[in-house]
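Breakdown of the fold
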Amino acid sequence: MTIGSRRRPGALAVGALTLTLVACAPVSDSSTSNTSTSNTSTSDISSTSGSPSGGTGATSSGPDCSTTSPLLYAPGTLTVATDSPAYSPYFVNDDPTNGKGFESAVTYAVAKQLGFGRDAVHWTSVPFNSSYQPGAKKFDFDINQISITAKRAQAVTFSTGYYSAAQAIITLKDSPYAGATSLADFADARLGAQVGTTSLDAIDTEISPSQQPMVYDDTNAAKQALLNGQVDGIVADLPTAFYITAVEIPQATVTGQFQVTSGQTEEFGLLLEKGNPYVACLDSALATLKRSGTLAGIEKKWLSDVVDVPTLS
């Protein structure tokens, strides 16, 4: 995981889902246990379906959502991509396979809904900046705090959103900007974010500082720049910002959170190869998880600490 709303995570609400009936085979309930291999688990699913976002969609009878579907990159296996290293609170101990962390837990819940056992889920490493580039994909979906944007959707297909993302500004506690109460307070600040993220876009569109934002290859470089005083603040999705200040840089603080004002709340989506009808199967799984309260429970468990961050207007 890298700095920025991937994206780029202030309220912990999940975006509304548009539902369309799709036939997916029901499976029996099974528990999710941890594993140390690169294969991970899942369990059970009831099968209604959401409408494909940016994909070709389902036929009148729906796509094949079985575990042996020819739509899968490797039939019989659910191949899931994310970045490496994978950071908390999305993944714990840089290990997507352990089921710990928000996106690891979401992946296992989706897989369970689709009928895959833990040993049938395979993780693969794909850099964030590569995930939304055009072309064939060697995975079924990528989960990596990737914000759904119209520009990215020209090259890839997104599921419905699984998390509504806010941006946040991180400063050092002794910074003159630590007491900022509005985005206008950062008009003369030196701000930075990771390349290719919606956090970087948000600096330009929402804050519009007088100084050109600093661009970093990854989260570690951005954090080091903050510590070195090269920037006054860095912008990241809210859960990432909370983790950085609570665990990695305790001398830093989340000054505040803000939403983009493009007309709709920014959301993270599961990313697929452009036009893959399997998106309807993923939308179905996400719809069921939302309706049952499972998705909200995962958010509460792994992201609940972010709710008290002040809002910058």
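Residues numbered from 1 in each chain as written. Predicted model: local features only at pLDDT ≥ 70, side-chain atom pairs only at ≥ 80, totals over all residues. Heavy atoms only, no water.

**Re the overall build of the chain**
Scanning the chain for helices and strands turns up 7 helices and 13 strands. Looking at the 313 residues of the chain, the share that counts as buried comes to 56%. Of the accessible surface of the chain, which amounts to about 12,100 Å², a share of 51% is contributed by carbon and sulfur atoms. (Helix = DSSP H or I, 4+ residues; strand = E, 2+ residues; numbered from the N terminus. Buried < 20%, exposed > 50% of the residue type's maximum accessible area, 1.4 Å probe, protein only. Areas by Shrake-Rupley, 256 points an atom, 1.4 Å probe, with all protein chains shown as cover.)

**A few points about unusual backbone geometry**
Each neighbour pair has its own omega, and for Ser84 with Pro85 the value is 0°, a cis peptide bond. Here Pro85 is to be found in the loop between β4 (78-82) and α1 (102-113). Following Ser88, the chain continues to Pro89 via a peptide bond in cis, the omega torsion being 5°. Positive phi, close to 60°, is recorded for Asn93, a residue that is not glycine. Take Asn93: it is sitting in the loop between β4 and α1.

**A word on the confidence of the model for the chain**
Keep in mind that low pLDDT regions are not for reading the predicted coordinates in detail. Summing up the model confidence of the chain, the mean pLDDT is 82 and the portion of residues at 70 or higher is 79%. Here residues 1-60 scores under 50 on pLDDT; set against residues more than four positions off or in separate chains, the count is 262 contacts. (pLDDT = per-residue confidence, 0-100. Contact = heavy atoms within 4.5 Å.)

**Focus: the pairing of strand β5 (residues 121-125)**
Of the strand pairs in this sheet, β4 and β5 are connected by 5 bridges, and their pairing is parallel. By the bridge assignment, Thr79 is partnered in β5 with His122. For the crossover that starts at β4, traverses α1 and ends in the parallel β5, the hand is right-handed. (Pairing = 2+ DSSP bridges. Right-handed = clockwise from strand over helix to strand, strands pointing away.)

**Here's the deal with the sheet that holds strand β8 (residues 167-172)**
Spatially, 5 strands are ordered β10-β9-β11-β8-β12 in an open sheet, and the strand pairing comes out mixed. Each edge of the open sheet is held by one strand with a lone partner, namely β10 (214-216) and β12 (252-258). With direction set aside, neighbouring strand axes in the sheet form an average angle of 30°. Bridge count between β8 and strand β11 (residues 233-237): 4 bridges; the pairing is antiparallel. If you follow Ala168 over to β11, its bridge partner there is Ala236. (Axes fitted to C-alpha atoms, helices over the stretch in contact; angles between N-to-C directions.)

**Looking at the side chain of Arg118**
Considering the arrangement of structural elements, one finds Arg118 in the loop between α1 and β5. Of the side chains with opposite charge, Asp95 lies nearest to the buried Arg118, which makes no salt bridge, at 8.0 Å. Looking at Arg118, its side chain comes within polar contact range of the main-chain oxygen of Thr97, at 3.2 Å. (Lys, Arg positive; Asp, Glu negative; His and termini not counted. Salt bridge = Lys/Arg side-chain N within 4 Å of Asp/Glu carboxyl O. Polar contact = N/O pair within 3.5 Å; in protein donor to acceptor, adjacent residues only side chain to side chain.)

**Overview of the packing of aromatic side chains**
If you walk through the whole model with that rule in mind, you get 8 aromatic pairs. A ring pair is formed by Tyr108 and Trp123, whose centres lie 6.5 Å apart and whose planes are at 85°; its orientation type is edge-to-face. Pair noted here: Tyr108 is in helix α1 and Trp123 is in strand β5, with a separation of 15 residues, a long-range link. Given a relative accessible area of 3%, Tyr108 falls into the buried group. Taking the relative accessible area as the measure of exposure, Trp123 reaches 8% and is therefore buried. Ring geometry for Phe128 versus Tyr132: centroids 5.5 Å apart, planes at 75°, classification edge-to-face. In this structure Phe128 comes out as buried when scored by relative accessible area, which is 1%. Three or more aromatic residues joined by ring pairs form one cluster here, namely Phe102, Tyr162, Tyr163 and Phe268. Over the face of the ring belonging to Tyr108 we find Arg118, whose NZ or CZ atom lies 4.2 Å from the ring centre. (Phe/Tyr/Trp six-rings, centres within 6.5 Å; stacked < 30°, edge-to-face > 60°. Lys NZ or Arg CZ within 6 Å of the ring centre and 35° of its normal.)

**So, the side chain of Ser182**
With respect to the helices, strands and loops of the structure, Ser182 is situated in the loop between β8 and β9 (191-194). Judged by relative accessible area, which is 16%, Ser182 ranks as buried. Filtering out sequence-adjacent residues up to four positions away, Ser182 remains in contact with Leu312 and Ser313.

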